[in-house]
Amino acid sequence: MNSTTDLRYVYAVTRPFDGLPPEGARGISGQPPRLVRHGDLVAVVDAVPAADFEEGPLKARLEDLDWLAGTARAHDAVVAALATVTCPVPLRLATVCRDDSGVRRLLEEGGERFERALDRLDGRMEWGVKVYAEEPAPPAEPASPRPSAGAGQARGSGRDYLRRRMEARRSREADWGRADALSRRLHAELSAQAEAAALHRPQDAKLSGVAGVNVLNAAYLVDRTRGQEFADLVHGYAEEGVQVRLTGPWVPYSFAGIGAEDEPPAGAATEPGDGTQTAVRP
Amino acid sequence: MSAPVPAAGSGAAASPLAERRIALVDLLDRLLAGGVVLTGDLTLSIADVDLVRVDLRALISSVNENVPSPFEVR
């Protein structure tokens, strides 16, 4: 590792805290992160090679799913470890400074926003909730008519085929309708119980590997002490043909960019399922 | 039917392989679209990039001459 050519990857910002970064918080470099303090704020940083993290190579790396996955997991591992000893305000993936003085300038320039985020996130965690309309099982196909079947029987099987197609379509639309209605009820109730809510884009089934249409992909900011209660609430929502999945607790990435004065009130997020993102702004 | 996924990300126990694939998408929802974003000449950052394109492009295909790079030249 060459300190003159290494850049500084910034994972998160915290207040000064006692002790070292917790064990197990090995980041992208494989080493525990370093703390850079400026005033009342601390940046948690890692030395990363310029050959990989300068703008040009970084752009190429971000196109590589394996690299992206490894980097995201390492970033989250550091952030999660910090959460056991302090309140980390996570930065977006791939925030890189040239050197330590650049890191200090980052803390200076972003000071007010980091302070607001620390106040907002301290003592809270994020829970993710996704709702899917399940793929209906394909309707049972009766045996095809034998070649010697008469004309009447052939017309009947044509009608049968169309009827099965229509039933399958109605069944699918009914499932989507149920999933949509459940999503709206669930989002309204969870938004009322949480301190803030954010909507992410529905996930593509090809990317997530989940069969079914993702109708709601939401995140909720919840006080640490109310996490179990919140999870129990989600588990109470169950309906035929609809899948509800809970993830978390996460460090609140989805709420890190929000300051107290520009946060929408809970429940004011836009309609679920329209693909827009609310309450997450640079 | 409720099918809760074991807590994924942010320090939870490792998930089985199938769920690990799902968890990656959840992780990227947060790492690519969440977190504090700072712009300016103080940092190198992908903050200015249209993250929808980074998100989908990274996961679906590689950039080639038919698929222009999502990155602006700064």
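So, how was this worked out
- Residues numbered from 1 in each chain as written.
- Chains lettered and ligands numbered in written order.
- Predicted model: local features only at pLDDT ≥ 70, side-chain atom pairs only at ≥ 80, totals over all residues.
- Heavy atoms only, no water.
- Helix = DSSP H or I, 4+ residues; strand = E, 2+ residues; numbered from the N terminus.
- Buried < 20%, exposed > 50% of the residue type's maximum accessible area, 1.4 Å probe, protein only.
- Contact = heavy atoms within 4.5 Å.
- Areas by Shrake-Rupley, 256 points an atom, 1.4 Å probe, with all protein chains shown as cover.
- Pairing = 2+ DSSP bridges.
- Axes fitted to C-alpha atoms, helices over the stretch in contact; angles between N-to-C directions.
- Domains from an automatic or database assignment.
- Buried area = accessible area lost by both parts, 1.4 Å probe.
- Salt bridge = Lys/Arg side-chain N within 4 Å of Asp/Glu carboxyl O.
- Polar contact = N/O pair within 3.5 Å; in protein donor to acceptor, adjacent residues only side chain to side chain.
- Core = buried A, V, L, I, M, F, W, Y, C linked by side-chain atoms within 4.5 Å.
- Expected span 1.5 Å × (residues − 1).
- 1 Å grid on protein atoms, 1.4 Å probe; cavity = no way out; pocket = protein on both sides within 12 Å on 5 of 7 lines; lining within 4 Å.
- Points joined across faces, edges and corners; volume = space filled by probe spheres on them.
- Nonpolar A, V, L, I, M, F, W, Y, C, P; charged D, E, K, R; others polar.

Looking only at helices and strands, chain B has two helices and one strand in total. Listed N to C, the secondary structure of chain B is α-β-α in terms of helices and strands. Buried residues in chain B amount to 50% of all 74 residues. Expressed as a percentage of contacts within chain B between residues at least 6 apart in sequence, the contacts between residues at least 24 apart total 13%. Approximately 3700 Å² of chain B is accessible, and the part contributed by carbon and sulfur atoms is 56%.

Another aspect to go through is the pairing of strand S3 (residues 41–49) of chain A. All names here are of chain A. Counting buried residues along S3, seven of its nine residues qualify, which places the element largely inside the surrounding structure. Pairing analysis gives eight bridges linking strand S1 (residues 6–14) to S3, with the strands arranged antiparallel. In the strand pairing of S3, Leu7 is matched with Val48. Connecting strand S2 (residues 34–38) to the next strand, S3, in antiparallel fashion are two residues, including Gly39 with a positive phi near 65 degrees.

Residue and element names in this part refer to chain A. In terms of burial, strand S9 (residues 242–250) is a largely internal element, eight of the nine residues being buried. Sheet topology places strand S6 (residues 124–133) next to S9; seven bridges connect them, and they run antiparallel. Across the sheet, residue Val131 finds its bridge partner in S9, namely Val244.

A few words on unusual backbone geometry. All names here are of chain A. The omega angle of the peptide bond from Gly248 to Pro249 is 0 degrees, so this bond is cis rather than trans. Here Pro249 lies in strand S9. One non-glycine residue, Ala94, lies in the positive phi region at around 65 degrees. Structurally, the position occupied by Ala94 is in the loop between strand S4 (89–90) and strand S5 (95–97).

Turning our attention to the sheet that holds S6(A). Within a sheet, adjacent strands bond to each other through the backbone by hydrogen bonds, running parallel or antiparallel. Residues and elements named next belong to chain A. If you trace the four strands from one edge of the open sheet to the other, you get S7-S8-S6-S9, paired in antiparallel fashion. The sheet is open, and its two edges are formed by strand S7 (196–199) and S9, each paired on a single side. If you compare each strand with its neighbour and ignore which way they point, the axes differ by 20 degrees on average. Examined bridge by bridge, S7 and strand S8 (residues 213–223) share four bridges and lie antiparallel to one another. In the strand pairing of S8, Ala196 is matched with Leu221.

With that settled, consider the side chain of A:Ser254. As for its position among the elements, A:Ser254 is in the segment after S9. According to the relative accessible area criterion, A:Ser254 is buried, its value standing at 1%.

Another aspect to go through is the domain arrangement of chain A. Residues and elements named next belong to chain A. When its domains are assigned, chain A resolves into domain 1 (3–121) and domain 2 (124–135 + 175–280). Facing the 13 residues of domain 1 at the interface are 15 residues of domain 2. When domain 1 packs against domain 2, the two sides together hide about 1200 Å² of surface, and 52% of this comes from carbon and sulfur. The largest contributions to the domain 1 side of the interface with domain 2 come from Arg116, Arg120 and Leu121, which together make up 54% of the buried area. One can count one salt bridge joining domain 1 with domain 2. The partner of Glu195 in a salt bridge is Arg120, and the shortest N-O contact between them spans 3.4 Å. At the boundary of domain 1 and domain 2, one finds six residue pairs in polar contact (both at pLDDT 80 or more). Sorting the residues of the side of domain 1 that touches domain 2 by element identifies helix H3 (65–82), S4 and helix H5 (111–121) as the ones contributing at least two each.

Quick look at the nonpolar core now. Residue and element names in this part refer to chain A. Tyr9, Phe53 and Leu93 are the most contacted members of the largest nonpolar core, which has 30 residues in total. Per element, the largest residue contribution to this core is seven residues, and it comes from H3. Both of domain 1 (3–121) and domain 2 (124–135 + 175–280) provide at least three residues apiece to this core. Ranked by size, the runner-up nonpolar core spans 25 residues in total, among them Val36, Leu107, Leu121 and Leu221.

The end-to-end C-alpha separation of H3(A) is 26 Å, in line with the 26 Å expected for 18 residues at 1.5 Å each. With 13 of 18 residues buried, H3(A) lies mostly within the body of the structure.

Residues and elements named next belong to chain A. In the structure shown here, the tally under the stated rule is three cavities of 30 Å³ or more. Of the voids in this model, the largest cavity is the one considered here, and its volume is about 50 Å³. Lining the largest cavity we find Ala83, Cys87, Pro88, Leu121, Asp122, Gly123, Arg124, Met125, Arg224, Val251 and Pro252. Each residue belonging to the lining of the largest cavity can be placed in one class, and the counts come to seven nonpolar, one polar and three charged.

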